[in-house]
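Given next are the chains, with one letter for each unit.
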Amino acid sequence: MIRADDLEVAFGRQAGSETLALGSLHLAAGERACVVGGSGSGKTTLLHVLAGIVSPTQGRVRHGETDLFALKEAARDRFRAEKIGYVFQTAQLLQGLSAMENVALAASLAGLGRADARSKAEAILKRVELGHRLDARPGTLSVGEQQRVGIARALVTKPAVVLADEPTASLDERRSAEVLDLLDEVVAEAGATLLLVTHEPRVRDRFERVLDLDDGPLEVDS
Amino acid sequence: MSLFGLVLRNLRLRGLSSTLTALSVALGTMLVTAILILQGALDRHYDAPGRGYQIVVGAPGSALQLVLNAVYHVDDAPGLMPMRVWWELEEDDSVALAVPYAVGDSFRGFRVVATTDAFFAGRSPHPEGEGAEKLAEGRPFRFDRERLEDVLRELGAELESASAAASASGGGPGLAQSHGATEGAEEEEFGPESEFESGSESAAHHDDEAEHHDDEDEHHDDEDELDGDEDEHHDDEDELDEDEDEHDHDEDEHVDDEDEHHEHETHYEAVVGAEVARTLGVRVGDRIEPTHGVEGGRAHDHEHLWEVVGILKPTDTPVDRLVLIPLDSFFSIEDHRGGALLPGTTEPGLSAVLVFPRPGVHKVMLLSRLNRRPEIQVADVHEEIGHLFDIVGSVDVLFLLVSILVIVVGLLSVLIALYNSMNERRREVAILRAIGAPRRWVLGSVVIEAALITAIGAGLGVLMGHALVALAAGRVESAAGFRPNALDVVPTEGLVVLLVVLAGALAGLWPAWKAYATDVAENLRPTS
Ligand SMILES: Nc1ncnc2c1ncn2[C@@H]1O[C@H](COP(=O)(O)OP(=O)(O)OP(=O)(O)O)[C@@H](O)[C@H]1O
Ligand SMILES: [Mg+2]
């Protein structure tokens, strides 16, 4: 469960510089929702704040009982590693590491031992139908395959929350649907809350709950 | 995937850059390592072996050269000093022990030192102990002072007869020099294989040769200039033959006197250093035949073989590489008779006398007394070694500074390489942070990478330093008189590696700080 209230983010160091009001957002455990809005409306920034990557200048974020920004930074990092899965627009895999190592790295950061991390990584990669490409380098994978590795990496720790920032923006329609189906399935299997950013209508249509940042700061009942 | 695994992957990913920076660290470490090994070898060669020695007296000239020759057995002896100074020193109340040295011979590349039983006295520092305690095997050689005096007396008389003969044959006191001139020719004839054999065989061999030359002697005078060397050689042989006759005559006399003691004198004794024994496989009871000249010159008359009666304990000093023979035997060889006298006189000479003063003020008194004498050079061993180390030390420090500078440049290149790579790495750092890597972790990965690169470089550098010493050993030996061992491990090597790695980690701190401070949100954007 996520409870974000009266979020406001400021950019730049000087006081009185540009601020972005994001508003409030409550998501129940296991809920799926999508965020839409024009370019620059603050979709990515909202995900960053919910993931604890960007600190809001105002408001707070609670994941379950945890007040994210009351934690010290290192604890927040650990919380992110264990409880939050983040899927990027492009897969953002680390070059020089195999698909398996990329996924296992996320598991290690969540505190899993080496062998455990590897077996979990292997399992989730099999789940996203990449069991045959465990040792492949990112560069040798297709864009769709890379994104599946990215999804596997986000879900290897069975996080409570999955945040996905335009995960299909760089895929064609068919691949896009496949990846979204897969994402939906593994998120459901993990029982995770999903918040997905998109500007594509056909992606937005897959969601019952749509949060539109173009209408001004989000409100709890929207 | 551990932190260390990620670091290794970073190294692999930037393999060329990592290798080059590691090599630049290796270069400086190599130089420092080589210098440390050389320094250690130098210390071992000049510092420890010099301990225990006090004063060296020798021919006028360079005091340092005198010490180098008499204590370290490098370089040539500056010349000859009057032997009577040794006798005076022996009588001197300030002197506890005086050890005379006559040098100039060698045995298979090892220097021969003619000395007395004083060498085996307790005060004589290397090897430690007194008498048989100095020996690993066998016993000290027997030194016969009476015979030395006999030989010397005979030498004076012979010199006169020799110069009388010289006026007839055109030779004379310059004989010692003519030996030098014939070295090349002689060497071929008396190859190394003939130097080390049983006495009877070699004596027979010599007789044959001598006869052979006698037969041909007359013809040679008529032959062309190319045979000039041989002519001189034949002169020698003639001399040898004369001497043999005299020798036989002596023995006859002794038999007449029924002096059994003197019968022992007819064979010579030698004591060899530990390294000589080890390298050449010399054992007690073997007979050896020294050759004239330090650099493996010509053989003496084959009549004279020295029986090895003892092997010194290893000392890790130049003494290990010496062959010691009694002074009386040295002067019995006619090769030395011309050279054993101070030029133009009938005074017998010595290369040096190692003087051990009685404790207390005696050393100072002795030094000031001896310094007033123009016919000798007095060297205070510690002072001279101090001078030597001042010179070598300042060069050393300079080299070390340059090498450290090279290391610093290597470390800077580590810093620069990592710093530059941080631009391309920012996105990676942001990804790592987004999936939960803490800042400290990111910082640590860069520091560890820097440390690892320097560790590889330093390790490689140490190996390269040893290799460098191995390559330079020959040059060092010919220049400095000692051969550094490339396999010597200097304890400070470990310290150097540790310091270099620490400095490398420190150099990594700056780029690591950049990684630490990376703005995650900014660098996650697809186009950043
Ligand atoms: N570091 C920053 N400094 C200044 N302004 C920023 C910074 N990061 C974001 N912004 C501004 O915040 C606003 C929201 O940016 P954000 O990236 O969240 O938009 P978005 O909705 O994700 O847009 P898009 O659909 O193009 O990805 C934009 O106006 C952007 O210019
Ligand atoms: Mg965005």
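Below: a short report on this structure.

1. A closer look at the overall build of chain A
In step 1: Assigned secondary structure in chain A consists of seven helices and nine strands.
In step 2: Here chain A, with 222 residues, has 53% of them falling under the buried criterion.
In step 3: A fraction of 70% describes how many contacts in chain A between residues 6 or more apart in sequence connect residues 24 or more apart.
In step 4: Only carbon and sulfur atoms are counted for the fraction: they give 46% of the accessible area of chain A, which is about 9500 Å².

2. Considerations on the interface of chain B and chain A
In step 1: Facing the 23 residues of chain B at the interface are 27 residues of chain A.
In step 2: Overall, the association of chain B and chain A removes approximately 2300 Å² of surface from exposure, summing both partners, and the carbon and sulfur fraction of that is 61%.
In step 3: On inspection of chain B and its partner chain A, the count reaches three salt bridges.
In step 4: Ionic pairing is found between Glu73(A) and Arg439(B), a salt bridge with its closest N-O pair at 2.7 Å.

3. Considerations on the site of ligand 1
In step 1: Neighbouring residues of ligand 1: Phe11(A), Leu20(A), Gly38(A), Ser39(A), Gly40(A), Ser41(A), Gly42(A), Lys43(A), Thr44(A), Thr45(A), Glu166(A) and Arg525(B).
In step 2: One finds residues of chains A and B in close proximity to ligand 1.
In step 3: Contact distances for ligand 1 include 3.0 Å between an oxygen atom and a backbone N or O atom of Gly42(A).
In step 4: A distance of 2.7 Å is found between an oxygen atom of ligand 1 and a side-chain nitrogen or oxygen belonging to Lys43(A).

4. Examining the environment of Val7(B)
Residue and element names in this part refer to chain B.
In step 1: Topologically, Val7 is positioned in helix α1 (residues 3-13).
In step 2: Owing to a relative accessible area of 0%, Val7 belongs among the buried residues under this scheme.
In step 3: With 441 residues separating them in the primary sequence, Val7 and Ile448 have C-alpha atoms 7.1 Å apart.

5. A few points about a nonpolar patch on the surface
In step 1: A surface patch of nonpolar side chains, about 380 Å² in accessible area, is lined by Leu16(B), Leu20(B), Leu23(B) and Leu460(B).
In step 2: Mapped onto the fold, Leu23(B) is located in helix α2 (residues 15-47).

6. Here's the deal with the side chain of His63(A)
All names here are of chain A.
In step 1: Assignment of secondary structure puts His63 in strand β4 (residues 58-63).
In step 2: For His63, a relative accessible area of 7% gives the class buried.
In step 3: Among the polar contacts made by the side chain of His63, one reaches the main-chain carbonyl oxygen of Leu50 at a distance of 2.8 Å.
In step 4: Among residues more than four places away in sequence, those in contact with His63 are Met1, Ile2, Leu50, Leu68, Phe79, Ile84 and Val161.

7. Focus: the pattern of salt bridges
Side chains that carry opposite charge are capable of pairing whenever their charged atoms lie near each other.
In step 1: Counted according to the given criterion, the structure contains 23 salt bridges over all chains.
In step 2: Across the salt bridge formed by Asp184(A) and Arg32(A), the nearest N and O atoms sit 3.1 Å from each other. In this pair, Asp184(A) is assigned in helix α6 (residues 173-190) and Arg32(A) in strand β3 (residues 32-36), connecting sequence segments 152 residues apart.
In step 3: Here the salt bridges do not stand alone but share partners, grouping Glu73(A), Asp77(A), Arg80(A), Arg433(B) and Arg439(B) into one network.

8. Some thoughts on the sheet that holds β4(A)
Residue and element names in this part refer to chain A.
In step 1: The strand order across the open sheet formed by four strands is β2-β1-β4-β5, and the pairing between neighbours is antiparallel. Each edge of the open sheet carries a strand with a single partner, namely β2 (19-27) and β5 (66-67).
In step 2: Strands in contact with helix α1 (residues 43-51) are β1 (2-10), β2 and β4; relative to β1, the strand with the most contacts, it is inclined by about 120°.

9. With respect to the packing of helix α3 (residues 99-109) of chain A against helix α5 (residues 143-155) of chain A
Residues and elements named next belong to chain A.
In step 1: Packing of α3 against α5 brings their axes to within 8 Å, and their N-to-C directions diverge by 25°. Here α5 runs roughly parallel to α3, going by the angle between their axes. Considering how the two elements wind past one another, α3 and α5 form a crossing that is right-handed. Between α3 and α5, the contacting residues are Ala99, Asn102, Val103 and Ala106 on the first element and Val149, Ala152 and Arg153 on the second.
In step 2: Across the contact of α3 with α5, the residue classes break down as five nonpolar, one polar and one charged.

10. Here we look at helix α13 (residues 362-371) of chain B
Given 3.6 residues per helical turn, the α-helix brings residues three or four places apart onto the same face.
In step 1: Listed in full, the buried residues belonging to α13(B) are Lys363(B), Leu366(B), Leu367(B) and Leu370(B). Down the axis of α13(B), the buried set is contained in an arc of 100°. They therefore lie on one face.

11. Here's the deal with unusual backbone geometry
In step 1: Between His126(B) and the following residue, Pro127(B), the backbone shows a cis peptide bond with an omega angle of -5°.
In step 2: Note on placement: Pro127(B) falls in the loop between β4 (110-115) and β5 (135-138).
In step 3: Positive phi, close to 50°, is recorded for Lys158(A), a residue that is not glycine.
In step 4: Its place among the elements puts Lys158(A) in the loop between α5 and β7 (161-165).
In step 5: Classification of Lys158(A) by relative accessible area gives exposed; the value is 59%.
In step 6: Residues other than glycine seldom take positive phi values, yet Arg108(B) does so here, at roughly 50°.
In step 7: Following the sequence through the fold, Arg108(B) ends up in the loop between β3 (95-107) and β4.

12. Focus: the sheet that holds strand β6 (residues 84-87) of chain A
Residue and element names in this part refer to chain A.
In step 1: Strand order in the open sheet formed by five strands is β6-β7-β8-β3-β9, and the pairing between neighbours is parallel. The sheet is open, and its two edges are formed by β6 and β9 (209-212), each paired on a single side. Neighbour to neighbour, the strand axes of the sheet diverge by 20° on average, direction disregarded.
In step 2: The pairing of β3 with strand β8 (residues 193-197) spans four bridges and is classified as parallel. Opposite Ala33, over in β8, you have Leu195 as the bridge partner.
In step 3: Packed onto the sheet, helix α2 (residues 73-83) meets β6 and β7 and runs at close to 75° relative to β6.

13. Brief notes about the pairing of β4(A)
In step 1: As defined by bridge partners, β1(A) adjoins β4(A) across five bridges and the pair is classed as antiparallel. Each bridged residue has a counterpart across the sheet, and for Asp5(A) the counterpart in β4(A) is Arg60(A).

14. Describing the packing of aromatic side chains
Residue and element names in this part refer to chain B.
In step 1: Scanning all chains against the criterion turns up seven aromatic pairs over all chains.
In step 2: When the centroid spacing of 5.0 Å and the interplanar angle of 40° are considered together, the rings of Tyr268 and Trp306 count as tilted. Residue Tyr268 is found in strand β6 (residues 268-272), and its partner Trp306 is found in strand β9 (residues 306-312); the two are separated by 38 residues along the sequence. Comparing Tyr268 with Trp306 shows no difference in burial state: the two are buried.
In step 3: Connected via pairs of aromatic rings, a cluster forms that spans Phe119, Phe120 and Phe141.
In step 4: Over the face of the ring belonging to Tyr419 we find Lys514, whose NZ or CZ atom lies 4.2 Å from the ring centre.

15. Describing the nonpolar core
In step 1: Counting residues in each nonpolar core, the largest one holds 118 residues, and the members touching the most others are Leu25(A), Leu50(A), Ile53(A), Leu125(A), Leu163(A) and Leu195(A).
In step 2: Ignoring sequence-local partners within four residues, the contact set of Leu195(A) consists of Leu25(A), Leu27(A), Ala33(A), Val35(A), Leu47(A), Leu50(A), Val162(A), Leu163(A), Ala164(A) and Leu211(A).
In step 3: Within the second largest apolar cluster, 81 residues are counted, among which are Met81(B), Ala277(B), Leu350(B) and Ile376(B).

16. So, helix α4 (residues 114-127) of chain A
Residues and elements named next belong to chain A.
In step 1: Between the first and last C-alpha of α4 there are 20 Å, a value that for 14 residues agrees with the 20 Å anticipated at 1.5 Å per step.
In step 2: Along α4, the residues classified as buried are Ala117, Ala121, Ile124 and Leu125. For α4, the buried positions fall inside an angular range of 100° around the axis, keeping them on one side.
In step 3: Downstream of α4 by a residue or two, Glu129 has a phi angle that is positive, lying close to 65°.

Rules of the game
Residues numbered from 1 in each chain as written. Chains lettered and ligands numbered in written order. Predicted model: local features only at pLDDT ≥ 70, side-chain atom pairs only at ≥ 80, totals over all residues. Heavy atoms only, no water. Helix = DSSP H or I, 4+ residues; strand = E, 2+ residues; numbered from the N terminus. Buried < 20%, exposed > 50% of the residue type's maximum accessible area, 1.4 Å probe, protein only. Contact = heavy atoms within 4.5 Å. Areas by Shrake-Rupley, 256 points an atom, 1.4 Å probe, with all protein chains shown as cover. Buried area = accessible area lost by both parts, 1.4 Å probe. Salt bridge = Lys/Arg side-chain N within 4 Å of Asp/Glu carboxyl O. Near = heavy atom within 4 Å. Polar contact = N/O pair within 3.5 Å; in protein donor to acceptor, adjacent residues only side chain to side chain. Patch = residues over 30% accessible without salt bridge, like charges linked within 9 Å, V, L, I, M, F, W, Y side chains within 5 Å. Pairing = 2+ DSSP bridges. Axes fitted to C-alpha atoms, helices over the stretch in contact; angles between N-to-C directions. Parallel < 35°, antiparallel > 145°, perpendicular 65-115°, else oblique. Left-handed = near helix turned anticlockwise from the far one by under 90°. Nonpolar A, V, L, I, M, F, W, Y, C, P; charged D, E, K, R; others polar. Arc of directions from axis to C-beta. Phe/Tyr/Trp six-rings, centres within 6.5 Å; stacked < 30°, edge-to-face > 60°. Lys NZ or Arg CZ within 6 Å of the ring centre and 35° of its normal. Core = buried A, V, L, I, M, F, W, Y, C linked by side-chain atoms within 4.5 Å. Expected span 1.5 Å × (residues − 1).

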